[in-house]
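Letter by letter, the chains look like this.
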Amino acid sequence: MALSLSACSQVDQDETTQSSTASALDFAATTICAVPPDSPVRIEGGTFIMGSDLVYREEGPPRTTKVDGFWIDPHEVTNRQFAEFVNATEYVTVAEKPVDPVQFGVPVEQIPAFMLEPGSAVFSPPERPSNSFNDWWTYVPGANWKNPYGPDGPSAVPDQPVVHLGWEDMQAYAAWRGARMPSEAEWEYAASAGAEKYVEQPDPSLANSWQGVFPVLNESDDGFKGIAPVGCFGPNAYGLYDMVGNVWEVTADYFRSGHDPKDSDNPRGPSENAAYDPLNPGLPSRVMKGGSYLCAPNYCQRYRPESRQGRDPGLGASNVGFRLAYDSPPEG
């Protein structure tokens, strides 16, 4: 886990957390949609152009890439599905455990007490426009997959994507399901579904993204200010939902900016030792794909299959989820 330290006092933090939770609740969806089937979808192997040089440098260079056939879940793992796992195994997630002060790399007396409490990062829109993510993300003690907005907010909606999970939580769920995390290439191949690459923001009837000026005004033309339940937007040509927008999806690959043009046959990304995320240089990050409901034309044009960023493996967030892949059709 890599957390930045706050200079605020505990009193200041209590006030900040309360106001941040209140504003974060504006993004709690109450809409109910028809939930797609849980049965994994078979994706036949093939070749496609992976990556792009149209928007962000770390997404290129584009290259012809081969992917073998596999199965993938039609939607993101939901709170309902994750609750079944927790009920069966009594699993406790990273965000529900106290934070190890060693993770900060500074003397423990320099760490604000609230940042050692169990919790996670929650999006909280600022009152004024800002280009600093520190102004719209708040570490909220008590925020976790069951309480995505913190202890004073509503409980998790069963058919929304599960969020606030660390890498080890996702891995534990995948093992319980007899599944695995998809590689970046598999995920992008499935998300692309044979379509042409694009730059413009998706049609608000087809994907959950941010309409308006991020981070202060979401006009919610797509019907949602925050996370939508799975199935609220139509599937792509492969029958997969929310591959773009809604929540970022973590993949198995380690992150390094750009693609290796020579690594184009079922690529699995760089080794752990070769991984490097300039936004989090102290940790080997994992690749997350597809953008989230926070992506807007004025800030984050990542509502596309080829979009990619590094993800801290130890820290959850309120806009990051995952879906599972399989090498053979799962039983049942």
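To be clear, the structure that these remarks concern was listed above.
As the structure is a prediction and not an experimental result, all values here were calculated from the model.

## A look at the sheet that holds strand S1 (residues 41-43)
Part 1 of the reasoning: As summarised here, the arrangement of the three strands in space is S1-S4-S11, forming an open sheet in which the pairing is antiparallel. Of all strands in the sheet, those bounded by a partner on one side alone are S1 and strand S11 (325-326).
Part 2 of the reasoning: Relative to strand S4 (residues 70-72), S1 runs antiparallel, the two sharing three bridges. Each residue of the ladder has a partner; that of isoleucine 43, found in S4, is phenylalanine 70.
Part 3 of the reasoning: Strands S1 and S4 of the sheet are contacted by helix H4 (residues 184-192), whose axis makes an angle of about 70° with S4.

## A word on the pairing of strand S6 (residues 137-141)
Part 1 of the reasoning: In terms of residue burial, S6 counts as a mostly covered element, since four of its five residues are buried.
Part 2 of the reasoning: Note that strand S5 (residues 119-123) and S6 share five bridges and pair antiparallel. Residue glycine 119 lies in a different strand from S6, and its bridge partner there is proline 141.

## Thoughts on the pattern of salt bridges
Part 1 of the reasoning: This structure, assessed with the given rule, holds 17 salt bridges.
Part 2 of the reasoning: Here arginine 42 and glutamate 44 are joined by a salt bridge, their closest N and O atoms 3.4 Å apart.
Part 3 of the reasoning: Since its relative accessible area comes to 35%, arginine 42 is described here as partly exposed.
Part 4 of the reasoning: Classification of glutamate 44 by relative accessible area gives exposed; the value is 53%.
Part 5 of the reasoning: Because the salt bridges share partners, they merge into one network encompassing Glu58, Glu59, Arg302, Arg304 and Glu306.

## Quick notes on the packing of aromatic side chains
Within a pair of aromatic rings, the relevant descriptors are the distance that separates the centres and the angle that separates the planes.
Part 1 of the reasoning: Under the criterion given, the structure shown has 18 aromatic pairs.
Part 2 of the reasoning: When the ring of phenylalanine 48 is compared with that of tyrosine 189, the centres are 5.2 Å apart and the planes differ by 50°; the resulting orientation is tilted. Of this pair, phenylalanine 48 sits in strand S2 (residues 46-50) while tyrosine 189 sits in helix H4, placing them 141 residues apart in sequence. The same class applies to phenylalanine 48 and to tyrosine 189, which are both buried.
Part 3 of the reasoning: Aromatic ring contacts, followed pair by pair, group Phe82, Phe85, Tyr91, Trp145, Tyr173, Trp176 and Phe322 into a single cluster.
Part 4 of the reasoning: The ring of tryptophan 167 has arginine 286 lying over it, and the distance from NZ or CZ to the ring centre is 3.9 Å.
Part 5 of the reasoning: For the cation-ring pair, arginine 302 lies above tyrosine 56, with the distance from its terminal atom to the ring centre recorded as 3.9 Å.

## As for the sheet that holds strand S10 (residues 320-321)
Pairing between the strands of a sheet comes from backbone hydrogen bonds, and it takes one of two forms, parallel or antiparallel.
Part 1 of the reasoning: Strand order in the open sheet made by the four strands is S9-S8-S7-S10, with mixed pairing throughout. Strand pairing shows two members of the sheet lacking a second neighbour, strand S9 (308-311) and S10, which therefore form its edges.
Part 2 of the reasoning: Strands in contact with helix H3 (residues 167-177) are strand S7 (248-254), strand S8 (286-289) and S10; relative to S7, the strand with the most contacts, it is inclined by about 85°.

## A closer look at the packing of helix H2 (residues 79-89) against H3
Part 1 of the reasoning: H3 packs onto H2 with a crossing angle of 80° between their chain directions and a minimal axis gap of 11 Å. For the element pair H2 / H3, the angle class is roughly perpendicular. Residues Gln81, Phe82, Glu84, Phe85, Ala88 and Thr89 of H2 form the contact with H3, whose own contacting residues are Asp169, Ala172, Tyr173, Trp176 and Arg177.
Part 2 of the reasoning: When the residues that make up the contact of H2 with H3 are grouped by side-chain class, the tally is six nonpolar, two polar and three charged.

## Structural notes on H4
Part 1 of the reasoning: Burial within H4 is extensive, with nine of its nine residues counted as buried.
Part 2 of the reasoning: All of the buried residues in H4 are Glu184, Ala185, Glu186, Trp187, Glu188, Tyr189, Ala190, Ala191 and Ser192.

## What to know about the state of the cysteines
Part 1 of the reasoning: For the structure shown, the criterion picks out one disulfide.
Part 2 of the reasoning: Across a sulfur-sulfur distance of 1.8 Å, cysteine 33 and cysteine 232 are joined as a disulfide pair. Measuring the twist about the S-S bond at about 100°, one finds the cysteine 33-cysteine 232 disulfide to be right-handed. Here cysteine 33 is found in the loop between helix H1 (10-24) and S1, whereas its partner cysteine 232 is found in the loop between H4 and S7, with 199 residues between them in sequence.

Analysis parameters
Sequence order as written defines the numbering, with residues in each chain counted from 1. Under the rules for a predicted model, residues below a pLDDT of 70 receive no local features and side-chain atom pairs below 80 are neither given nor counted, while totals for whole chains, interfaces and linings still include all residues. Based on all heavy atoms of the structure, the side-chain values leave hydrogens and waters out of the count. When DSSP locates at least two bridges between a pair of strands, those strands are taken to pair. Each helix is a run of H or I in the DSSP string that is no shorter than four residues. Each strand is a run of E no shorter than two, and both are numbered from the N terminus. Contact between two residues is taken to exist if any of their heavy atoms lie within 4.5 Å; hydrogens are not considered. All axes here are fitted lines through C-alpha atoms, helices being fitted over the stretch that makes contact, and every angle between N-to-C directions spans 0 to 180 degrees. The buried label applies to any residue whose accessible area, calculated with a 1.4 Å probe on protein chains only, is under 20% of its type's maximum; exposed applies above 50%, and partly exposed to all values in between. Each salt bridge in this description consists of a side-chain nitrogen of Lys or Arg and a carboxyl oxygen of Asp or Glu lying within 4 Å of one another. The aromatic pairing rule takes the rings of Phe, Tyr and Trp, using the six-membered ring of Trp, and pairs them if the centres are within 6.5 Å, calling planes under 30 degrees apart stacked, those over 60 edge-to-face and the rest tilted. The criterion for a charge sitting over a ring is simple: Lys NZ or Arg CZ within 6 Å of the ring centre, and within 35 degrees of the ring normal. For classification purposes, angles smaller than 35 degrees are called roughly parallel, those larger than 145 roughly antiparallel, those between 65 and 115 roughly perpendicular, and all remaining angles oblique. Any residue outside Ala, Val, Leu, Ile, Met, Phe, Trp, Tyr, Cys, Pro, Asp, Glu, Lys and Arg is labelled polar, Gly included; the first ten of those are nonpolar and the last four are charged. We call a pair of cysteine sulfur atoms a disulfide when they lie within 2.5 Å.

By themselves, these figures tell us nothing about what the structure is for.
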